[in-house]
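# Coordinates in review
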Amino acid sequence: MKRIGIYIHLFALLMLCSCVQKNQQEPVVTPWGEITDTIPFDDDFDLADIQRNGEMIALTLTGPETYYDYHGKHLGAQYLLCQRFADKLGVSLRIEVCRDTTEMLARLNDGDADLICYPMNKKGPGWIVGQEKEDLQKELDSWYQPTMLDEVKKEEDFLLSTRSVQRRVFSPMLNRAGGIISHYDGYFQRYAATIRWDWRLLAAQCYQESTFDPQARSWAGACGLMQIMPGTADHLRLPRASIYDPEKNIAAAVKYLGELERNFSDIRERSERTKFVLAAYNGGHFHIRDAMALARKNGKNPQRWGEVEPYVLGLSQSQYYNDPVVQHGYMRGSETVDYVRKIHERWNGYRGVRTVRSTFAPSGIPQKAKHERKKKYQI
């Protein structure tokens, strides 16, 4: 035991010496053998080191022009451009989101990242490369072309349009006189009952997702009738080989809806909770929670969709997505609000119920602009 203690003290002393002489790349000899560091300790972690390590780290801010989450995928013109640069270098890209430019500059100065992926100046793409990274700066300067930003913006616009979804459009109702909505009504009836939903609501959601095309596929990889992402299929234990199977796709989607129901179990009124569940299915439950936090902060009822909806819209504006209570940044709120509205309108149509729209909007989101957004995304 005494000898082991000596070894431990010796090892601690050697580690202390290595910290004092951190700029020396000499191997450290321990009782267990030689240890050689694979990553240099000095601050000059330049292009060759980045390529050897296989990863480039970039700092940015959340926002529509920079970086945001969209159905589990990352978008934003600056991010897409930075991804192209990483691809050119042959490395993966890791994005670290900061709260403001001060934090970005401080972290870059501390060596936490390789560059800032944010338009900080008018030179090139506007990015700032870390100190002592002359080779990375030269590579960026020689690679960047002024037309690239417009190219990635066009790419993003396409991805966000309906043109990026591969699907056949079927009628929203197969036989109105006979009360038949689709070929999959039996599945809707069977599985909707497991979460105590009206099967016609599930049918309305399915039409919004895929227009009843079991082979529908989005650019983001969402598949089948209920547009299930492969990662979500794995979580739900739906084999990817079965992701286009109508019954299994619907069953998995209902399982996920059940999870979201439990996630929003604090919303006691069932008709209200359903709206939050649909919004989370489309936009992510974390963004909906952010909108609820904004509603609560502004004196609104966070359990009433009509009072939270405007803050979902608000998450596309910097004054809202940069609010301290918001944890997950920017989102395309207009798409999610439209998603919930269209499903309920179609559901009401299936039931023969007249739709009544809400008119509430918080300060900073004019009611006129809200209606314009709805018109813009109307199908």
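Above this text is the structure in question.
Below: a short report on this structure. What you see is a predicted model; the values in this text were computed from it and never measured. (Residues numbered from 1 in each chain as written. Predicted model: local features only at pLDDT ≥ 70, side-chain atom pairs only at ≥ 80, totals over all residues. Heavy atoms only, no water.)

### Focus: helix H6 (residues 148-159)
The terminal C-alpha atoms of H6 lie 17 Å apart, and with 12 residues this matches the ideal 16 Å at 1.5 Å per residue to within 8%. When we look at burial in H6, the residues that qualify are Met148, Val152, Glu156 and Leu159. Buried positions in H6, seen along its axis, are confined to an arc of 75° and lie on one side of it. The outward face of H6, more than 90 degrees from its buried face, is lined by the exposed residues Lys154 and Asp157. In the core, the buried residues of H6 are packed alongside strand E4 (68-70), strand E5 (73-75), helix H3 (77-89) and helix H5 (134-143). (Helix = DSSP H or I, 4+ residues; strand = E, 2+ residues; numbered from the N terminus. Expected span 1.5 Å × (residues − 1). Buried < 20%, exposed > 50% of the residue type's maximum accessible area, 1.4 Å probe, protein only. Arc of directions from axis to C-beta. Contact = heavy atoms within 4.5 Å.)

### What about H3?
Over its 13 residues, H3 extends 19 Å from the first C-alpha to the last, a length consistent with the 18 Å expected when each residue adds 1.5 Å. Along H3, the positions that sit buried rather than exposed are Ala77, Gln78, Tyr79, Leu80, Leu81, Cys82, Phe85, Ala86 and Leu89. Within two residues after H3, glycine 90 carries a phi angle of roughly 80°, on the positive side.

### Thoughts on the nonpolar core
In terms of nonpolar packing, the biggest core is built from 91 residues, with Met56, Phe85, Leu115, Met226, Ile228 and Ile250 touching the most fellow members. With 8 residues, the single largest contributor to this core is H3. Once residues within four sequence positions are removed from consideration, isoleucine 228 is found in contact with Gly221, Ala222, Cys223, Ala233, Leu238, Ile243, Asn249, Ala252, Ala253 and Tyr281. Membership of the second largest hydrophobic core comes to 8 residues, among which are Cys98, Met104, Leu108 and Ile116. (Core = buried A, V, L, I, M, F, W, Y, C linked by side-chain atoms within 4.5 Å.)

### Observations regarding the packing of helix H8 (residues 199-210) against helix H15 (residues 333-351)
Close contact between H8 and H15 brings their axes to 8 Å; oriented N to C, the two are set at 130°. In terms of orientation, H8 and H15 fall into the oblique class. By crossing handedness, the relation of H8 to H15 is classed as right-handed. Note on element contacts: H15 touches H8 through Tyr339, Lys342, Ile343, Arg346, Trp347, Tyr350 and Arg351, opposite Arg200, Leu201, Ala203, Ala204, Gln205, Tyr207, Gln208 and Glu209. The residue makeup of the contact of H8 with H15, split by class, is 8 nonpolar, 2 polar and 5 charged. (Axes fitted to C-alpha atoms, helices over the stretch in contact; angles between N-to-C directions. Parallel < 35°, antiparallel > 145°, perpendicular 65-115°, else oblique. Left-handed = near helix turned anticlockwise from the far one by under 90°. Nonpolar A, V, L, I, M, F, W, Y, C, P; charged D, E, K, R; others polar.)

### A few points about the pattern of salt bridges
Scanning all chains against the criterion turns up 25 salt bridges. Measuring nitrogen to oxygen at the nearest pair gives 3.8 Å for the salt bridge that ties lysine 275 to glutamate 272. Taken together, the residues span about one helical turn, with lysine 275 and glutamate 272 both in helix H11 (residues 270-283) at a distance of 3 residues. We classify lysine 275 as partly exposed; its relative accessible area is 23%. (Salt bridge = Lys/Arg side-chain N within 4 Å of Asp/Glu carboxyl O.)

### Structural notes on the sheet that holds strand E7 (residues 115-116)
In space, the 4 strands of this open sheet follow the order E6-E3-E7-E8, with mixed pairing throughout. With partners counted over all chains shown, the strands left at the sheet margins are strand E6 (92-97) and strand E8 (128-129), one partner each. One ladder, built from 6 bridges, connects strand E3 (residues 55-60) with E6; its direction is parallel. Along E6, the bridge assignment pairs methionine 56 with leucine 93. (Pairing = 2+ DSSP bridges.)

### Section: the packing of H8 against H11
Two elements in contact, H8 and H11, have axes separated by 13 Å at closest approach and are oriented at 25°. It follows that H8 is roughly parallel to H11 by the angle criterion. Classified by chirality, the crossing of H11 by H8 is right-handed. In contact with Leu201, Gln205 and Glu209 of H8, H11 contributes Thr274, Leu278 and Tyr281. For the contact of H8 with H11, a count of residues per class yields 3 nonpolar, 2 polar and 1 charged.

### Overview of the packing of aromatic side chains
Counted according to the given criterion, the structure contains 11 aromatic pairs. For the ring pair tyrosine 68 and tyrosine 330, a centre distance of 4.8 Å and an interplane angle of 70° mean the geometry is edge-to-face. Placement of the pair is tyrosine 68 in strand E4 and tyrosine 330 in the loop between helix H14 (318-321) and H15, with a sequence separation of 262 residues. The class of tyrosine 68 is buried, set by a relative accessible area of 3%. Look at tyrosine 330 and you get buried, because its relative accessible area is 8%. (Phe/Tyr/Trp six-rings, centres within 6.5 Å; stacked < 30°, edge-to-face > 60°.)

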